[in-house]
Amino acid sequence: MPAQAYAGKECVCQLRRGICDQSCVRDMLDTPFYIACLRLKGRSCLVVGGGEIGLEKVEGLLVCDGDVTLVAPDAEPALRELAAEGSIRWEQRAYEPADLEGRFMVIAATNDSEVNIGVYEDAERRAMLVNVVDVPPLCNFILPAIVRTGPLAIAISTAGASPALAKRMKREVSELFGEEYARLAVLLNDARGWAKGTLPTYQDRKAFFEGIVGGDPDPIELLRAGDERAVVDLIGAARAAHTPA
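Residues numbered from 1 in each chain as written. Predicted model: local features only at pLDDT ≥ 70, side-chain atom pairs only at ≥ 80, totals over all residues. Heavy atoms only, no water.

A.B. asks: Where do I start with the overall build of the chain in this structure?
C.D. replies: Helix and strand counts for the chain stand at 9 helices and 7 strands. The C-alpha radius of gyration computed for the chain amounts to 23 Å, which surpasses the reference 18 Å derived for 245 residues by more than 25%, pointing to a less compact arrangement than a globule. When the backbone C-alpha atoms are referred to their principal axes, the chain occupies close to 70 × 40 × 35 Å. Here the contacts in the chain between residues at least 6 apart in sequence split such that 51% fall between residues at least 24 apart. (Helix = DSSP H or I, 4+ residues; strand = E, 2+ residues; numbered from the N terminus. Rg over C-alpha atoms; globule rule 2.2 N^0.38 Å. Contact = heavy atoms within 4.5 Å.)

A.B. asks: Would you mind going over the nonpolar core with me for this structure?
C.D. replies: Soluble globular proteins: nonpolar side chains tend toward being buried together. By size, the foremost hydrophobic cluster in this structure holds 19 residues, and its most contacted members are Leu100, Val106, Val119 and Leu138. For this core, the elements supplying multiple residues, two or more each, are β1 (44-48), β4 (105-108), α3 (113-125) and β5 (129-132). Each residue touching Leu100, except ones within four places of it in the same chain, is listed here: Leu46, Tyr95, Val106, Val119, Asp122, Ala123, Arg126 and Met128. In this structure, Leu40, Cys45, Val47 and Ala109 belong to the second largest nonpolar core, which totals 18 residues. (Core = buried A, V, L, I, M, F, W, Y, C linked by side-chain atoms within 4.5 Å. Buried < 20%, exposed > 50% of the residue type's maximum accessible area, 1.4 Å probe, protein only.)

A.B. asks: Hey, could you run me through the pairing of β4 in this one?
C.D. replies: A regular strand carries its side chains on alternate faces of the sheet. Along β4, one buried face is formed by Met105 and Ile107 and the opposite face, lined by Val106 and Ala108, is buried too. Pairing between β1 and β4: 4 bridges, direction parallel. The partner of Leu46 across the bridge, within β4, is Val106. In terms of strand pairing, β4 meets β5 through 4 bridges, oriented parallel. Note on β5: the bridge partner recorded for Ala108 is Val132. Traced from β4 through α3 to β5, the parallel crossover comes out right-handed. (Pairing = 2+ DSSP bridges. Right-handed = clockwise from strand over helix to strand, strands pointing away.)

A.B. asks: Even after reading the chapter, I still don't get the packing of aromatic side chains, so can you show me in this structure?
C.D. replies: Any pair of aromatic rings gets described here by the distance separating the centres and the angle formed by the planes. Counting across every chain of the model gives 3 aromatic pairs. Summarising the aromatic geometry, the rings of Trp194 and Phe208 are spaced 5.1 Å apart at their centres and angled 50 degrees between planes, so their arrangement reads as tilted. Remark: Phe208 occurs in helix α7 (residues 202-213) and Trp194 occurs in helix α6 (residues 192-198); sequence separation between them is 14 residues. Look at Phe208 and you get buried, because its relative accessible area is 0%. Aromatic side chains Phe208 and Phe209 sit 4.8 Å apart centroid to centroid with 70 degrees between the ring planes, which places their arrangement in the edge-to-face category. Of the two residues, Phe208 and Phe209, neither departs from the other in class, the shared state being buried. An aromatic cluster is defined as three or more aromatic residues linked by ring pairs; in this entry it consists of Trp194, Phe208 and Phe209. Directly above the aromatic system of Phe104 lies the positively charged group of Arg43, at a separation of 4.6 Å from the ring centroid. (Phe/Tyr/Trp six-rings, centres within 6.5 Å; stacked < 30°, edge-to-face > 60°. Lys NZ or Arg CZ within 6 Å of the ring centre and 35° of its normal.)

Shown next, in the form of structure tokens:
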């Protein structure tokens, strides 16, 4: 796969410098990224490239219920299996600009810089989301490292500066925020309907939930001790205390 630009390497971006002078990434660390969580269920997503990185991106999209099409002349065995079972569609050929029609996003994961540049430019003309793996100048969004536990998703980004550091942070964050946080999120979600129907203002609802999450006893510690019943009782007591007279 092409790597991020560094001086002396063959250029892999749309500037076509020949030999990289890093001009395309000089402002990357100063770029403020707008962080968002995308709802992909039922949305058409395209992956260009059938290698190991393409497989990684396809699997990530499938986890989020994306409707995935792969375009590649050849594909890893695991991708072939996904296509055979009907989990993805595989167009066994080279990329064409028309492949972008009707798509929500595209991820290019090929080892051909000209193909990657073409995907980026075609997508930009359509004002759609595009990511060329490991080439920040050919991306209008980046993919952070994700810690996913139940309904919780924690994104970690170094703005492309160090994937190795992001990987370490992902490991440490996953150890810090375990299953008990995901379970508390589920229990609090169960109370959302009551809160919206009973508490008249945003500030009332905010006080209700923050009182549970930051209160004493600590619901996370109760869940770590295996006492989910105590957390349910804690939420019940909070409801009683916040019910308007």
